[in-house]
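Fold and geometry: a report
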Amino acid sequence: MLRELPKAYEPGAIESRWAEYWIKEKLFSVPTPPPGETRPVFTLLLPPPNVTGRLHMGHMLNQTQMDIIVRWHRMRGFITLWLPGTDHAGIATQMMVEKQLEREGKKRKDLGREKFIERVWEWKNEYGGAILDQMKRLGASVDWDREYFTMDENLSHAVREVFVRLYEEGLVYRGNYIVNWCPWHETAISDLEVKHEEVQGKLWEIRYPVVGSNEFITVATTRPETMLGDTAIAVNAKDERYTHLHGKKVLLPLMNREIPIITDELAQPEFGTGAVKVTPAHDPNDFEAGKRHNLPQINVMDERAHMNANAGPYAGLDRFEARKRVLHDLREQGFLVGEKDYTLAIGKCDRCGTIIEPRLSEQWFVKIQPLADRAKEAVQSGEITIVPDNYRQIYLNWMNNIHDWCVSRQLWWGHRIPAWTCANPNCKEVIVAREAPAKCPKCGGKVEQVSDVLDTWFSSGLLPFTTLGWPEKTRDQEVFYPTTLLITAYEILFFWVARMIMFGSHFMQGHHQDAAIKKASGWTDKKNDSVPFRQVYIHSLVRDAERQKMSKTKGNVVDPLDVIERFGTDATRFTLAAMAAPGTDIAFNESRTDGYRAFANKIWNAARFMFMNVDRIGFVWDGFPDPVVPGQGPDGTAEGGCPHTGIAGFTSVKLEDRWILSRFNRVAADVNDALETYRFHEAANRIYDFFWGEFCDWYIELIKPRLNFEEGGDKSVAQTACANLVSLFDAALRLLHPVMPFITEEIWQALWEGKAPSKSIALAAYPQADEKQFDLAAETDMAILQDLIVSVRNLRAELKIEPKLKLPIEVFVHEPEIARLIEQNRGAVERLATVEKITFVQNSLAKLPGVRGTARFDVHVIYERKIDVSAECERLKKELEKIEKGIIGAQKQLGNPQFLAKAPMNVVENLRRQEQELGILKEKALDKMRELACP
RNA sequence: GGGCGGUUAGCUCAGCUGGUUAGAGCGCCUGCCUUACAAGCAGGAGGUCGCAGGUUCGAAUCCUGCACUGCCCA
């Protein structure tokens, strides 16, 4: 029995036990629903972590939020599919294995492509997917039977199909362009993979001699080494300083090549000297200018950014060494005429930090505009909603400024581009095909597959439909596509989310979700079923306690597993949920987690109390309706399922019963509302306040005498009280389960003693509010009693009364029904306020010392010891100030005819009542101050 | 350079579409091992909501400017 267990909750063993149980029992596996299925469906794709990944706080936040939403839907009767998998992560994984090889003194080229890829697979099978094991520790309720890997054969097949179709539609092209090149990885990368950084650099001024004159033309550059590849000097046509030089040539220093002076917008008169060098092979703007003027493109570097043969005497040098040498030589020969400090933005490789080299090379591109137009439309029309809303505009802005997407990577690990080139140097035909062609269709020559692989995001962008069997038309797609929701980090809004929308809108055009399921799921107002998801929720960034972004280099990374180890998974999950207000970053603070560990302990001990009473009273937990309600609609009221509202098996006998029932229904309503709009923090805080502040602090305290039947009481009273306690606990556990799955499962299973109506609380029904169980009168009455009890406690503390000493009190009430209320709950007041006897008096007690009061009552603790007059005066003074401030504010508004005319009725009424009550309090305070002769 | 946030108690944060005397956790102070829980219970102190204007009957909340700060994009 639980009560035999330690007083303190120890999460470790309990959590791993249930995590294993859930997986072993396949509780979250979802078979394909057959045609005719009418239940609502909820589908969520796990953003696939890199196969090389290790769990960090961002993942944990993401997964906690997903798991909360998923468990919540499942408990409300949705067919709930959460689809997990991992990403092959081209660059990251390849690097991992290259490092491994390095330790063996080898390079990937030593192995050759085939052997190398074998090694990567070996690595993947041995170490890959560690992050999924870590996920299990978090309790993520995913369908492990459907786990995928982006390089699985079926997914790779889909990737080839997509590429070929795009090519056939003219949306894929190949060409020589300037791309972001990482010399360390020796591959092209996309714009998104480049991070810009401001650095202190220099601006050098170099003068070029004008051919056939003694004149020089001076240009400024931050990258002097590229001058070796200059093919022109540009000046602005409007710039009169250079008009006389139009059509002339300059002699390129060091290389002794003649290059033309051209006029182009590239040169802006106000910048530097107004003349710029043009290096089409090494700068994107120069590249464009070069095309406008038909300039030659001279590439002076190789793929490692070492100078090549085109760099003449500098060939073989690293680019930074070359810069030094070029500058040295220019200076020596008198061409270097200036050097200034200059702040410039440089691009670095997102993964290795190497400075990006704009490089002219042959790459494959996706023509983005047609895809982007539809993707923009999907969001603009509201077919996809993005939460928080401000990301919608960010998304649209990005879509409006989108560039073609370079999808080829010069790597080995990844989906190889399904394109072949004819080896015949006179033919060089390019063939894009689903299967390898036997020979060149044009000349019959031998063909070779293009060695490039695809950007990893190319394949992950397809996942919403490829994981559901595309390009086949499957039942899974009818049921689960579009997926319902995507929860992800802002960082990958463009990398991934935008691409999924583009690909989904394109390739799933004409798709229709099963009509019955769509209706049951509440999406009838959506017209477009080609979108990959109906909603996107962008989660916060988890920072450290000092609001710094966590990073390895700063060494401020908080390891979630470490936090879990110390505080438990439930407490960690609760922390993230409670701090996850939409649109705000989270400064992760351990003290909060420590607080939620205490919360888990509180629940644990409340459970121990419950079990103690169940055993003592001999209460048998039966006769309750089966709480598992499959087939329930999103609002808990769909046809076929019984609406599981309120608390079944709860009998209101006394005020506290009516009160807690009402409060429970309110918290259930609030939590469901909050989760509907992803206000995780609100849901978590509401449950916390209810469980601790209302259920434990008041309800349990109030029913203790009824549970304690031995003192000559009626056992049926105890039985009923115990039934209430148990059924309320059961409902509260279900309410909390999505946030704290482990402790709730542990207690819930114990509560049902092996006779639970389902294998897990995760499959039990989620509490829904029953408005009929709201009881305003009970809440108002209870508030008065709480005020009375707190007032007495307050006075006792003030009077420094020994805690155990029971004292008589006198009460004056303004209305007779309050007296009746107190009379009916006399026992509760006496016990919770340590009162010996309550006497009602006919006259106000306000003037007496040792009195507290509200607008409804005064209470006096009878005790010979005098209160500390100066302290009491001080307190009264503060109280009076506050009251007066309130009164002045209220009167100012009530005296304003505009307010009375324009403010809503209830606001005016509330303010009137408030003014009245404050008036009473003011009189009472003043009376007492006079009586005490306060200064 | 362009865009988007943030600034509320000692600390970390809530405060939704403007409407009672601005809340929580941690920390702090006082008193309690009251038979579920000292990871607890009871009580308490602590904020002119970054600054300056404006809109409104009414502003922490909406608008403008400024200061500081963070992020994204070029």
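Refer to the structure above for everything that follows.
Residues numbered from 1 in each chain as written. Chains lettered and ligands numbered in written order. Predicted model: local features only at pLDDT ≥ 70, side-chain atom pairs only at ≥ 80, totals over all residues. Heavy atoms only, no water.

Considering the sheet that holds strand E28 (residues 851-853)
The strand order across the open sheet formed by four strands is E27-E26-E29-E28, and the pairing between neighbours is mixed. Strands at the two margins of the open sheet, each flanked by one partner only, are strand E27 (835-840) and E28. On average, adjacent strands in this sheet sit at an angle of 25 degrees to one another, irrespective of strand direction. In this structure, strand E26 (residues 807-813) lies alongside E27, joined through five bridges in parallel fashion. If you follow Pro-808 over to E27, its bridge partner there is Lys-837. (Pairing = 2+ DSSP bridges. Helix = DSSP H or I, 4+ residues; strand = E, 2+ residues; numbered from the N terminus. Axes fitted to C-alpha atoms, helices over the stretch in contact; angles between N-to-C directions.)

Some points on the pairing of strand E8 (residues 216-221)
Direction of pairing for strand E7 (residues 194-209) relative to E8: antiparallel, over a ladder of six bridges. When the sheet's bridge partners are listed, Glu-205 is paired in E8 with Ala-220.

Thoughts on the protein's contact with RNA strand B
Among the 52 residues in the neighbourhood of RNA strand B, the closest are listed as Ala-587, Trp-692, Phe-899, Lys-902 and Gln-914. In RNA strand B, the atoms that sit within 4 Å of the protein are 66% sugar and phosphate, with bases accounting for the remainder. Within the side chain of Lys-602, an N or O atom sits 2.8 Å from a base nitrogen of RNA strand B. A distance of 3.4 Å is found between a sugar or linking oxygen of RNA strand B and a side-chain nitrogen or oxygen belonging to His-681. Listed by contribution, the elements that provide at least two residues to the surface near RNA strand B are E7, helix H19 (590-617), helix H21 (680-707), helix H24 (776-798), helix H27 (869-894), helix H28 (897-902) and helix H29 (905-931). (Near = heavy atom within 4 Å. Polar contact = N/O pair within 3.5 Å; in protein donor to acceptor, adjacent residues only side chain to side chain.)

Re the packing of helix H11 (residues 390-400) against helix H15 (residues 493-507)
The interhelical angle for the contact between H11 and H15, taken along N-to-C directions, is 75 degrees, at an axis separation of 12 Å. Put simply, H11 runs roughly perpendicular to H15. Seen from H11, the contacting residues are Tyr-391, Ile-394, Tyr-395, Trp-398 and Met-399; seen from H15, they are Leu-493, Phe-494, Ala-498, Ile-501 and Met-502. (Parallel < 35°, antiparallel > 145°, perpendicular 65-115°, else oblique. Contact = heavy atoms within 4.5 Å.)

What about empty space enclosed by the protein?
Applying the stated rule across the entire model yields four cavities of 30 Å³ or more. Taken together, Ala-19, Trp-22, Ile-23, Phe-28, Arg-71, Lys-136, Gly-139, Ala-140, Ser-141, Val-142 and Trp-144 form the lining of the second largest cavity. Ranked by residue count, the leading element in the lining of the second largest cavity is helix H1 (residues 11-24), at three residues. Residues belonging to the lining of the second largest cavity are distributed by class as follows: seven nonpolar, two polar and two charged. (1 Å grid on protein atoms, 1.4 Å probe; cavity = no way out; pocket = protein on both sides within 12 Å on 5 of 7 lines; lining within 4 Å. Points joined across faces, edges and corners; volume = space filled by probe spheres on them. Nonpolar A, V, L, I, M, F, W, Y, C, P; charged D, E, K, R; others polar.)

Some details on the packing of aromatic side chains
Applying the stated criterion to the full structure yields 44 aromatic pairs. Each ring, one from Trp-22 and one from Phe-742, has its centre 5.0 Å from the other, and the planes form 25 degrees; the classification is stacked. Residue Trp-22 is found in helix H1, and its partner Phe-742 is found in helix H23 (residues 741-752); the two are separated by 720 residues along the sequence. A relative accessible area of 2% means that Trp-22 is categorised as buried. Accessibility expressed as a relative area gives 0% for Phe-742, which makes it buried. Site record: aromatic cluster; members linked through ring pairs are Phe-574, Tyr-596, Phe-599, Phe-664, Tyr-688, Phe-690, Phe-691, Trp-692, Phe-695, Tyr-699 and Phe-729. (Phe/Tyr/Trp six-rings, centres within 6.5 Å; stacked < 30°, edge-to-face > 60°. Buried < 20%, exposed > 50% of the residue type's maximum accessible area, 1.4 Å probe, protein only.)

Here we look at a negative patch on the surface
Together, Glu-114, Glu-118, Glu-122 and Glu-126 line one region of the surface with negative charge. Position of Glu-122 relative to the elements: it lies in helix H5 (residues 113-127). On the basis of relative accessible area, Glu-122 is assigned to the partly exposed category, the value being 49%. (Patch = residues over 30% accessible without salt bridge, like charges linked within 9 Å, V, L, I, M, F, W, Y side chains within 5 Å. Areas by Shrake-Rupley, 256 points an atom, 1.4 Å probe, with all protein chains shown as cover. Salt bridge = Lys/Arg side-chain N within 4 Å of Asp/Glu carboxyl O. Lys, Arg positive; Asp, Glu negative; His and termini not counted. Charge placed at Lys NZ, Arg CZ, Asp CG, Glu CD.)

Some words on the pattern of salt bridges
Oppositely charged side chains are able to pair whenever their charged atoms sit close together. Under the counting rule described, the total for this entry stands at 50 salt bridges. Salt-bridge contacts for Arg-174 lead to Glu-362; the nearest nitrogen and oxygen are separated by 3.1 Å. With Arg-174 in strand E5 (residues 172-182) and Glu-362 in strand E14 (residues 357-366), this pair connects stretches of sequence that are 188 residues apart. In this structure, Glu-225 engages Arg-223 in a salt bridge whose closest nitrogen and oxygen atoms are separated by 3.6 Å.

Quick word on the sheet that holds E5
Strand pairing in a sheet takes place through backbone hydrogen bonds and is either antiparallel or parallel in direction. Taken together, four strands build an open sheet; the order of strands is E6-E5-E14-E16 and the sheet is antiparallel. Each having just a single partner strand, strand E6 (187-189) and strand E16 (405-406) make up the two edges of the open sheet. When E5 meets E14, the two strands line up antiparallel, connected through ten bridges. If you follow Val-179 over to E14, its bridge partner there is Arg-359. Set on the sheet, helix H8 (residues 284-293) makes contact with E5 and E14; between it and E5 the angle comes to about 140 degrees.

Some words on the state of the cysteines
Enumeration according to the criterion identifies zero disulfides in this entry. Left without a disulfide partner, Cys-406 is nearest to the cysteine sulfur of Cys-182, which lies 13 Å away. (Disulfide = S-S within 2.5 Å.)

Some points on the side chain of Thr-93
Among the structural elements, Thr-93 can be located in helix H3 (residues 90-103). Overall, the relative accessible area of 0% leaves Thr-93 in the buried class. In this view, Thr-93 contacts Val-51, Thr-52, His-88, Val-120, Trp-123 and Trp-413; residues no more than four positions away in its chain are not counted.

Focus: the packing of helix H10 (residues 369-380) against H11
Contact geometry for H10 and H11: axes closest at 10 Å, N-to-C directions at 160 degrees. The angle between H10 and H11 places the two elements in the roughly antiparallel class. You can see that H10 and H11 cross each other, and the crossing is left-handed. Contact residues: H10 offers Ala-372, Ala-375, Lys-376, Val-379 and Gln-380, while H11 offers Arg-392, Tyr-395, Leu-396, Met-399 and Asn-400. The class makeup of the residues in the contact of H10 with H11 is six nonpolar, two polar and two charged. (Left-handed = near helix turned anticlockwise from the far one by under 90°.)

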